[in-house]
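Remarks on the overall topology
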Amino acid sequence: MRWLHVGIKDLRVTVRDRASLGILIAMPMILIVILSSALGNLAANLGKTPVAIVNLDQGRVGAQVTDPFFTDPKLTELFLARRMIDPIEAKALVAKGDLAGALVIPSDFSRRLDTGRPSKLMLFSDPGRQISSAVFKGVAEALSTRVSAASIAARTSAFYVAPLRVRDPGFVYGVIGKAVQSASDTEALSAVELVESTAARGAELSTLSYYSGAMSVMFLMFGSMFGAFSLVRERDHWTLPRMLMTPGTKWEILGGKMFGVFVIGALQFAVLFGFTSALGVKWGDLMAVGLVAFSTVAAATGLAIFIAAVAKTVRAVSGVSQMLIQFMAAVGGSFFPVAQFPAWLQPLHYFSVNGWAIDGILAAMRGANAVDVLPNVGALLVIAVVFFTIGAWRLGWE
Amino acid sequence: MRRIATLAWLNLVQVLKDRTGLITLIFVPLMLTSIFGTVMGGGERRIAVAVADLDKSVQSAEVVAALDPRSYVVTTTGAKEAEAMASSGEAAAALLIPKGFGADVLGGVDTQVRLLKDPRSQTTIAIAEAVRGRVQRVAANAATIRIVQAAFRDASAATGAAYSPAPPSDIYAYADRIWEPDPPLAIADVAVTASKTRGSTTQAMGFQQYSLGFTLMFMLFMGIGSAGGFIDEREQGTLSRLLTTPASKAELVAGKVLGIFVTVMFEAAVMIGFGAFVFRVPWGDDPLGVIMIITAFGLATTGLGVMISTLLRTRGQVSAATAVFGTSLSMLGGAYWPLDIVSPAMRTIALMTPTGWAMTGLTDVVVRSQGTALAVLPSAALLGMGALFLAIGVSRLKLE
Amino acid sequence: MSDVAEAIVTVTELVKRFGENTAVDGVSFDIREGEIFGLLGPNGAGKTTTISMISCLLAPSSGTVIVDGASVTAEPRKVKCALGVVPQEIALYPTLTALENLMFWGRMYGLGGKLLEERVVEALETAGLADRAKERIETYSGGMKRRINIAAGIMHHPRVLLMDEPTVGIDPQSRNHILETVKELNRRGMTVLYTSHYMEEVEFLCDRVGIVDHGRLIALGTIEELKRLVGDENVISVRLAELPDGVLEAIRAFPLVDSVSTAAAGDAAEPKEGEDATAPDGEGVTIEVLSKDSGTVIADVVGALGRSGARILAVDVREPNLESVFLHLTGKSLRD
């Protein structure tokens with residue numbers, strides 16, 4: 001049972017190192033708090049997007065486009081709209097970033113519409129606020145489509161009814177009026193609906209969930225680095241060679257070390273899991289998540305042994321681990337989703353512990369079960385075994 | 001003064017001699033910049049969409065036409081295949097138009113078009129927007145058909161004659177023509193920058209966010225990580241020896257700080273230069289503003305690194321701290337996601353971090369092209385923070 | 001009944017090469033059960049490397065080591081069970097207490113339960129630190145650390161205890177304590193291999209001594225046997241304020257003088273034989289004259305020195321010690 005005693009001893013030493021322990025366990029929690037404060041409830045957090053409405057229209061139609069920003073509860077919830085009279089001033093405010101966008105209705109808007117000439121509304125948007133301005137643009141486009149629809153309905157009706165030569169002189173106007181009314185009805189455009197859903201089984205992930213998963217994986221990786229340092233420090237203190245002189249085998253010692261690092265990793269993950277769940281992140285099938293987490297910790301500890309064996313000094317350990325972890329994090333999707341990568345670059349994420357782990361965690365969040373994530377678990381365990389074996393083989397004391 | 005330079009030089013030489021350190025210094029940023037550069041640079045990439053048009057009518061074709069070949073790569077396939085492509089991530093989304101779509105539209109029957117999105121993709125919003133616009137157009141045309149038919153009924157009622165309306169397809173075609181080349185009303189979206197206006201796409205803006213944020217994050221990691229250098233010296237005992245030389249404590253610290261600063265700036269230069277020139281990552285047109293902010297940020301992270309090194313004892317702790325501080329400051333400061341989407345409270349907190357100031361400044365200068373003048377305040381704030389960190393660090397520095 | 005005890009450790013033609021460098025070059029000796037065997041030599045002579053090979057830490061490039069009937073290459077586990085090791089480094093966990101350290105190391109040697117507790121208590125008593133067992137090692141002085149370092153190697157009652165420079169860098173009280181401890185352990189039946197570059201310790205403790213230099217065993221035997229290598233010579237040791245030119249040659253020329261050399265008074269590097277040596281720090285220069293008839297020669301030496309104008313600070317006639325043996329064999333001082 002030597003390995004167990006080695007592991008217990010390691011845990012004892014780790015616990016005595018209060019600073020590192022705090023960093024390993026408490027800090028991730030702080031990060032998750034930041035995450036949730038920033039991203040937790042997007043709609044609530046959006047606050048009201050400040051926008052300007054500049055209605056120079058001398059007719060009535062302009063109001064049709066602009067009024068909803070002040071009257072429709074769905075829009076007033078999203079936007080803090082103000083009326084302005086000078087488009088140049090509005091544009092300047094957008095340029096400064098004080099406004100997310102400004103919508104300008106030209107003075108001849110209604111007139112052009114009545115005479116069947118197409119119009120364009122200028123929408124100035126702040127490139128520094130992509131999301132808010134995109135929402136603004138979406139709303140403006142929906143409103144403008146309604147106006148277009150009304151206009152087109154009117155013209156088409158007029159076109160078809162005119163040749164009928166109905167005696168009643170007000171008839172055509174009546175038709176046009178009715179057309180505009182019908183087409184402006186909020187339900188008018190619902191005949192054809194766009195239904196959005198997700199292709200894969202399960203829900204779309206919020207940014208919060210994505211980063212919770214990605215961050216948890218990253219912290220497990222750093223836990224492994226911590227394990228590597230403990231091994232190198234043992235070398236420096238000469239306790240590693242001393243252990244090698246006792247009647248145990250190298251494997252028992254390494255096994256104990258793995259155990260120690262493993263316990264820390266499991267503890268970290270449990271804390272992260274509990275904390276993020278309390279903040280509303282849905283991790284999905286517990287078995288799947290547990291398996292992925294377990295194999296991630298295994299892979300990370302294997303990595304730790306490998307780094308400790310390859311790097312000779314504490315400084316080198318630091319350098320090598322930074323390199324490896326940054327690389328893996330980058331290609332694995334810790335910074336932003338792999339889906340963004342060009343197709344030829346995506347396969348790289350198979351070489352990354354982060355890649356497999358995040359992929360598995362996200363799959364679980366989206367509804368995958370334990371069987372679905374077996375490939376990820378398998379890959380991680382393979383990585384664990386490979387690194388551990390190379391590291392153990394190369395590990396000497398000199 | 002010369003002593004400071006000597007100390008800084010010593011630092012540099014040590015770094016250069018340390019092979020793994022050198023690799024980290026040069027290779028890692030190059031590699032990461034390359035990865036992110038290919039992802040982000042050189043203009044937009046076309047988004048892959050799988051389309052299963054089971055109807056092949058005029059109306060369905062119109063919806064499909066929403067996917068402009070300049071921005072989208074359309075793969076026409078069957079329903080099952082399209083869904084599979086979206087599931088696997090091969091396509092960002094699958095557009096499914098059911099059989100009978102056109103007939104339903106013309107016949108006044110409610111119908112729908114399905115967009116299956118790859119949940120991992122961030123570009124599905126853009127796709128949905130594009131498709132929705134077309135769908136609304138088709139819906140508008142469908143409504144027009146009803147309206148015209150109602151008008152015919154009204155005409156019949158008014159005159160007593162039985163008028164048969166034109167075939168729906170004719171009405172549809174007529175209405176549809178009015179949408180081209182310019183619909184009665186359209187929105188012209190203009191991204192406003194102070195010096196010039198540019199067309200905007202959701203993609204290009206998104207990439208800019210990442211390239212700025214990522215550079216800052218990496219500089220932060222470098223700055224905090226190099227705090228380890230102080231600890232190394234302490235452990236090696238060379239620090240005490242340095243103290244016995246005529247160099248004053250201030251000179252020692254200055255030399256070390258200079259060394260760290262040079263390292264951080266070197267990183268930044270490599271990443272920004274490489275990224276901008278080789279991968280055409282969009283860094284804007286105002287190099288002076290960018291240089292100001294990046295330099296000030298470099299100083300701030302150096303100060304932060306020094307301060308942190310005085311709070312910790314071992315290299316292991318430094319590594320953990322690098323991860324934690326680097327990531328959290330990046331998150332808080334808007335390097336990971338735009339501050340746009342966070343609450344006002346978080347936006348205030350962001351301005352308490354160096355990353356927050358740097359991101360805000362860079363956004364104004366690079367993204368909004370507001371000119372060098374707007375780099376001044378953020379740079380000053382960053383310098384202030386850097387000075388504060390350095391002061392705390394130096395006062396706490398135990399050199400024994 | 002044989003008059004020589006059985007060899008419990010047998011080292012035969014042991015060689016260790018590190019790349020171009022040969023650290024141990026064909027060393028052979030055996031250690032008899034119950035004795036304290038010393039390995040004496042300057043830093044870098046290969047003592048630690050030799051011990052590392054005996055303790056199975058390093059694999060020999062060639063040669064064999066048999067410990068208690070088991071070969072280090074074939075049956076390392078058996079060897080490790082029979083050995084206790086006290087390394088030159090303080091191989092303990094600084095943030096753990098002495099008690100925690102000992103419990104851990106005891107377990108590493110397979111002890112457990114009540115037996116482990118007893119042995120730990122015993123080891124703490126031997127180290128004389130039972131009352132400070134619950135304090136962290138990092139709070140200990142250098143001497144105390146070394147004592148626990150020893151305690152950690154004896155709990156499993158090994159047959160042979162390997163001690164590598166166990167008194168380096170500690171205060172005289174702790175050092176004496178350790179030397180007494182070693183004697184006591186030996187009295188209780190433990191065989192000890194003791195390496196050091198401090199001649200006084202080796203003379204005090206060891207039954208037999210092997211002298212190593214540059215990876216080779218240059219002498220082996222009891223202390224008496226080694227001293228006799230120097231012959232029936234005595235050492236006339238004269239401490240001078242400074243060494244005038246030519247006086248060494250003059251003394252060497254005397255017929256009854258076997259050899260003359262200088263040794264610096266402190267641990268500073270010494271100049272080569274015959275060269276001028278100026279006194280470092282006012283301690284003076286010591287010349288050692290080896291002669292079989294020291295009684296007669298001493299007058300000539302003092303006379304020669306007086307004529308040269310040297311100022312004599314002290315004169316001593318003594319039997320050769322191991323330092324002299326080493327000097328005689330290598331021309332160098334043990335203290336480099």
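Residues numbered from 1 in each chain as written. Chains lettered and ligands numbered in written order. Predicted model: local features only at pLDDT ≥ 70, side-chain atom pairs only at ≥ 80, totals over all residues.

This part covers the overall build of chain B. The helix and strand tally for chain B stands at 16 helices and six strands. By residue count, 54% of the 400 residues in chain B fall in the buried class. A fraction of 79% describes how many contacts in chain B between residues 6 or more apart in sequence connect residues 24 or more apart. (Helix = DSSP H or I, 4+ residues; strand = E, 2+ residues; numbered from the N terminus. Buried ≥ 20, exposed ≤ 12 C-beta atoms within 10 Å, placed from the backbone. Contact = placed C-beta atoms within 7 Å.)

Further remarks concern the overall build of chain A. Across its full length, chain A carries 17 helices and five strands. Within the span of chain A, comprising 398 residues, buried residues form 55% of the whole. Pairs at least 24 residues apart make up 78% of the contacts formed inside chain A by residues separated by at least 6 positions.

Here we come to helix 6 (residues 172-187) of chain C. All names here are of chain C. Helix length check: helix 6, at 16 residues, gives a terminal C-alpha distance of 22 Å against a target of 22 Å (1.5 Å per residue), a fit within 8%. When we look at burial in helix 6, the residues that qualify are His177, Ile178, Val182 and Leu185. Down the axis of helix 6, the sector holding all buried residues measures 140°, keeping them to one side. For helix 6, the exposed residues lying more than 90 degrees away from the buried face are Pro172, Gln173, Glu184 and Arg187. Phi turns positive one or two residues past the end of helix 6, at Gly189, with a value near 115°. (Expected span 1.5 Å × (residues − 1). Arc of directions from axis to C-beta.)

The next thing to look at is the packing of helix 13 (residues 250-278) of chain A against helix 14 (residues 286-310) of chain A. Residue and element names in this part refer to chain A. Two elements in contact, helix 13 and helix 14, have axes separated by 9 Å at closest approach and are oriented at 135°. Taken together, the axis directions place helix 13 and helix 14 in an arrangement best described as oblique. Considering how the two elements wind past one another, helix 13 and helix 14 form a crossing that is right-handed. Of the residues in helix 14, those in contact with Leu254, Met258, Val261, Phe262, Gly265, Ala266 and Phe269 of helix 13 are Ala293, Val297, Ala300, Thr301, Ala304 and Ile305. (Axes fitted to C-alpha atoms, helices over the stretch in contact; angles between N-to-C directions. Parallel < 35°, antiparallel > 145°, perpendicular 65-115°, else oblique. Left-handed = near helix turned anticlockwise from the far one by under 90°.)

Below, the discussion takes up the interface of chain C and chain A. Facing 20 residues of chain C, the contacting portion of chain A comprises 19 residues. Taken together, the elements giving at least two residues each to the side of chain C that touches chain A come down to helix 2 (76-82) and helix 3 (98-108) of chain C. A per-element tally of the side of chain C that touches chain A places helix 3 of chain C first, with four residues. Tallied by class, residues from the side of chain C that touches chain A come to twelve nonpolar, three polar and five charged. (Nonpolar A, V, L, I, M, F, W, Y, C, P; charged D, E, K, R; others polar.)

Take the sheet that holds strand 6 (residues 83-86) of chain C next. Residues and elements named next belong to chain C. Taken together, the six strands give an open sheet; going across it, the order is 6-7-8-3-9-10, and neighbouring strands pair in mixed fashion. Of all the strands in the sheet, just strand 6 and strand 10 (216-222) have a single pairing partner and so form its edges. Taking the axes of each pair of neighbouring strands and ignoring which way they run, one obtains an average angle of 15° across the sheet. Pairing geometry for strand 6 and strand 7 (residues 160-164), over four bridges, is parallel. Its bridge partner being in strand 7, Val85 is matched across the sheet by Leu162. Against the sheet, helix 6 contacts strand 3 (36-40), strand 7 and strand 8 (191-196), and its axis sits at roughly 155° relative to strand 8. In the packing of helix 11 (residues 322-330) onto the sheet, contacts are made with strand 3, strand 9 (208-213) and strand 10, and the angle to strand 9 comes to roughly 40°. (Pairing = 2+ DSSP bridges.)

For the rest of this paragraph, the subject is the pairing of strand 4 (residues 62-67) of chain C. Each regular strand carries side chains that alternate between the two faces of the sheet. Residue and element names in this part refer to chain C. Bridge count for strand 1 (residues 7-18) against strand 4 is five bridges, and the pairing is antiparallel. Note that in strand 4 the partner of Thr12 across the bridge is Thr64. Where strand 4 meets strand 5 (residues 70-71), two bridges bridge the pair, whose relative direction is antiparallel. Counted as the bridge partner of Val67 is Ala70 from strand 5. The hairpin turn running from strand 4 into strand 5, its antiparallel successor, is two residues long, and Asp68 in that turn takes a positive phi close to 50°.

Next up on the list: the sheet that holds strand 4 of chain C. Pairing within the open sheet is antiparallel, and its four strands lie in the order 2-1-4-5 (chain C). Sheet topology places strand 2 (21-32) and strand 5 of chain C at the edges, where each strand pairs with a single neighbour.

Our focus in this paragraph is helix 1 (residues 2-16) of chain A. One turn of the α-helix equals 3.6 residues, which is why residues spaced by three or four share an orientation. In this model, helix 1 of chain A (15 residues) spans 21 Å end to end at C-alpha, consistent with the 21 Å of a helix rising 1.5 Å per residue. Of all the positions in helix 1 of chain A, only Arg2(A), His5(A), Val6(A), Gly7(A), Lys9(A), Asp10(A), Val13(A) and Thr14(A) are classed as buried.

So, about the packing of helix 12 (residues 287-311) of chain B against helix 16 (residues 373-396) of chain B. A packed helix pair is summarised by two numbers, namely the angle formed by the two axes and the spacing between the axes. All names here are of chain B. One can describe the packing of helix 12 onto helix 16 by two numbers: an axis separation of 7 Å at closest approach and a directional angle of 20°. As the angle between them shows, helix 12 and helix 16 are arranged roughly parallel. In the packing of helix 12 onto helix 16, the handedness of the crossing is left-handed. Taken together, the residues that form the contact of helix 12 with helix 16 break down as 18 nonpolar, eight polar and one charged.

A word on the pairing of strand 9 of chain C. All names here are of chain C. Summarising the sheet, strand 3 and strand 9 pair through four bridges and their orientation is parallel. Bridged to Phe37 within strand 9 is Arg208. Both strand 9 and strand 10 contribute to a ladder of six bridges, which runs antiparallel. The residue of strand 10 that forms the bridge with Val209 is Gly221. Count of turn residues in the strand 9/strand 10 antiparallel hairpin: two residues, of which His214 carries a positive phi of about 50°.

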